[in-house]
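Coordinate inspection notes
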Amino acid sequence: MLTPFPVKNCFRLLCHHRVPAAGFRTPATHGLILQSISSDVYQNLAIEDWIHDHISLEGKPILFLWRNSPCVVIGRHQNPWQECNLHLMRQGGIKLARRRSGGGTVYHDMGNINLTFFTTKTKYDRMENLKIIVRALNAVQPRLDVQPTKKFDLLLDGQFKISGTASKIGRVAAYHHCTLLCSTDRTALSSLLKSPYQGIKSNATPSIPSVVKNLLDKDPALTCEVLMNAIAAEYAAHHQIDNHITLINPADETQFPGIRSKAKELQSWEWTYGWTPKFSVNTTFHVPHGQAHLPIQVSIDVKKGRIETCNIKAPDHWLPLEIGNKLNSSFIGSKFCPIEATLLTNILLRTCPDDQHLHSKWNILCEKLRGIM
Amino acid sequence: MARHPVRVLRPGSAVQSARKFTEKHEWITTENGIGTVGISNFAQEALGDVVYCSLPEVGTKLKKQDEFGALESVKAASELYSPLSGDVTQVKEALAENPGIVNKSCYEDGWLIKMALSDPSELDDLMSEEASEKYVKSIEE
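Remember, predicted model here, so these are calculated numbers, not experimental data. (Residues numbered from 1 in each chain as written. Chains lettered and ligands numbered in written order. Predicted model: local features only at pLDDT ≥ 70, side-chain atom pairs only at ≥ 80, totals over all residues. Heavy atoms only, no water.)

A separate point is the overall build of chain B. Assigned secondary structure in chain B consists of three helices and twelve strands. The buried share of chain B, reckoned over its 141 residues, is 49%. Residue pairs at least 24 apart in sequence account for 59% of intrachain contacts in chain B once pairs closer than 6 positions are excluded. (Helix = DSSP H or I, 4+ residues; strand = E, 2+ residues; numbered from the N terminus. Buried < 20%, exposed > 50% of the residue type's maximum accessible area, 1.4 Å probe, protein only. Contact = heavy atoms within 4.5 Å.)

Have a look at this one:
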């Protein structure tokens, strides 16, 4: 049961600074089921932050349902270069987001449901939440074989991952969120979550690749809409609250003061790329040289998303040493980013001798360098 | 829980203070105005194996209760809150490659940050080791 419901009242009742008024409706227990009308990953992640920071969850758990237009979401301490194909994402206009919870990398599109379970720290219980989802799935399709694992995945038929979990624990509250694959584009998923980058050494938390399957492929009744309603109903039954989904607009600054700046922060380069744990790239690429190919070794350290040290070893007979040195030193401090690299190398090229042969080598080199970013 | 001596007398009369605790299960010891911060045994057990330590830059200014980082474990990404106000002077670098040190030695090698305290009187608001143990027992029930 969905209604665009003015949420000011229910949020006021639940906010930290308010003394809880006499009952939201008249149920014995309190809680909320919310669904986002936005498919923007940054806005939806921002709402998670906002609810976590502003709403008192004591005796009032919240379930938040959301879906995103195509994007890749990495865990808080992950390295996007290790986890996904950034080139392909840029070409396809597919956003990259870093969430505040831990865990691994996932691909989202409108065929994937995201579920966030907000509770106090003491009531934090991932297995309880996953069991709600399993009961909901079995309510729609009793013969469905879905089981939670010890790692809080959901497996279909004992082998296909249909859900992954991540969590964040804060001062007084916690949230557990998970995905649910209904009808995701699996071709996009596998191509985008495959990193083409070589030679990365990093302490970032790695993802564990899994074989996945869509629930819709198992049973055509299991659409996103059906499942969201079923999960909401089961959540309401479990927490003894009204089975009522409230639609929310995460872009509404009046309802959610401060949400815009949260979304902005989540979208920022400093958070998305700059928060990547320190890493090094050691790789070799080849450039044409006469009839053969010449190996060029590259050794780059990246800290906070920026190049800290840079050693591109182009042999003197291919590229004059002083130009090579200039290239290395000019990269220091710049973002490890193909757009910024292009800007930088274009500027540098103007300081080089006007030699067509040299320029063409330079362009090849720069194209290869962009390729590792 | 391993017991460690909490008073260390060094020549030159630099005395390390007794360990104090927050309700968020962080601990702090101080010496010559520098506080060393870590998480308690209760916290590291509750977290499970730590797989990543996200710590601030040296020079970061923290107010009491500011979030200064996070520990990722199988349980969750758990945020860390500063017990006191001050400037970060040192960060335990070894945790980058070996985050598990936090589990193995939460009171010794597994310290997280050191900070120059801007208001040492804030220490008075924190719990003693004994009070902390009582507190932990009460919330476990």
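Here we come to the sheet that holds strand E4 (residues 26-31) of chain B. The strand order across the open sheet built from seven strands is E7-E10-E11-E5-E4-E3-E12 (chain B), with neighbouring strands paired in antiparallel fashion. Because the sheet does not close on itself, it has two edges, and the strands there are strand E7 (61-62) and strand E12 (127-128) of chain B. (Pairing = 2+ DSSP bridges.)

The next subject is helix H11 (residues 321-331) of chain A. Residues and elements named next belong to chain A. When H11 is considered as a whole, its buried residues turn out to be Ile323, Gly324, Leu327, Asn328 and Phe331. Seen along its axis, H11 keeps its buried residues to an arc of 140°; they face one direction. Next to the buried residues of H11 lie strand E17 (306-313), helix H12 (338-349) and helix H13 (356-371). (Arc of directions from axis to C-beta.)

Okay, the nonpolar core next. When a protein is soluble and globular, its nonpolar side chains tend to lie buried together. By size, the foremost hydrophobic cluster in this structure holds 48 residues, and its most contacted members are Ile300, Ile312, Phe331, Phe336, Leu365 and Leu369 of chain A. Grouped together as the second largest cluster of nonpolar side chains are 34 residues, Phe117, Leu215, Ile231 and Tyr235 of chain A included. (Core = buried A, V, L, I, M, F, W, Y, C linked by side-chain atoms within 4.5 Å.)

If you look at the interface, chain B gives 19 residues, while chain A gives 20 residues. With both chains or domains summed, chain B and chain A bury close to 1,600 Å², and 47% of this area falls on carbon and sulfur atoms. Between Glu79 of chain B and Arg76 of chain A there is a salt bridge, and its shortest N-O distance comes to 3.2 Å. At the junction of chain B with chain A, the criterion picks out 14 residue pairs in polar contact (both at pLDDT 80 or more). When contributions to the side of chain B that touches chain A are tallied by element, the ones reaching two or more residues are strand E6 (50-54), strand E8 (67-73) and strand E9 (77-81) of chain B. Residues of the side of chain B that touches chain A, tallied by class, amount to eight nonpolar, four polar and seven charged. Summarising the sheet, strand E11 (residues 165-169) of chain A and E9 of chain B pair through two bridges and their orientation is parallel. (Buried area = accessible area lost by both parts, 1.4 Å probe. Salt bridge = Lys/Arg side-chain N within 4 Å of Asp/Glu carboxyl O. Polar contact = N/O pair within 3.5 Å; in protein donor to acceptor, adjacent residues only side chain to side chain. Nonpolar A, V, L, I, M, F, W, Y, C, P; charged D, E, K, R; others polar.)

A few words on the pattern of salt bridges. Enumeration over the complete set of coordinates arrives at 16 salt bridges over all chains. Linking Glu57 of chain B and Lys304 of chain A is a salt bridge whose minimum nitrogen-to-oxygen distance equals 3.8 Å. With Glu57 of chain B in the loop between E6 and E7 and Lys304 of chain A in the loop between strand E16 (292-303) and E17, this pair bridges two chains. For Glu57 of chain B, a relative accessible area of 38% puts it in the partly exposed group.

This brings us to unusual backbone geometry. Its identity is not glycine, yet His25 of chain B carries a phi of approximately 65°, on the positive side. Along the chain, His25 of chain B falls in the loop between strand E3 (20-21) and E4.

Residues and elements named next belong to chain A. Tracing the backbone shows Glu308 in strand E17. Accessibility expressed as a relative area gives 33% for Glu308, which makes it partly exposed. Put simply, Glu308 and Lys278 are 30 residues apart on the chain and 9.6 Å apart in space, counted from C-alpha to C-alpha. With residues up to four places along the chain from it excluded, the contact list for Glu308 reads Lys278, Asp301, Val302, Lys303 and Ile332.

Residue and element names in this part refer to chain A. Of all nine residues in strand E7 (residues 112-120), nine are buried; the element is thus mostly enclosed. Relative to E7, strand E3 (residues 62-66) runs antiparallel, the two sharing five bridges. When the sheet's bridge partners are listed, Leu65 is paired in E7 with Leu115. Pairing of E7 with strand E12 (residues 173-181), which is carried by nine bridges, proceeds in the antiparallel orientation. Its bridge partner being in E12, Phe118 is matched across the sheet by Tyr175.

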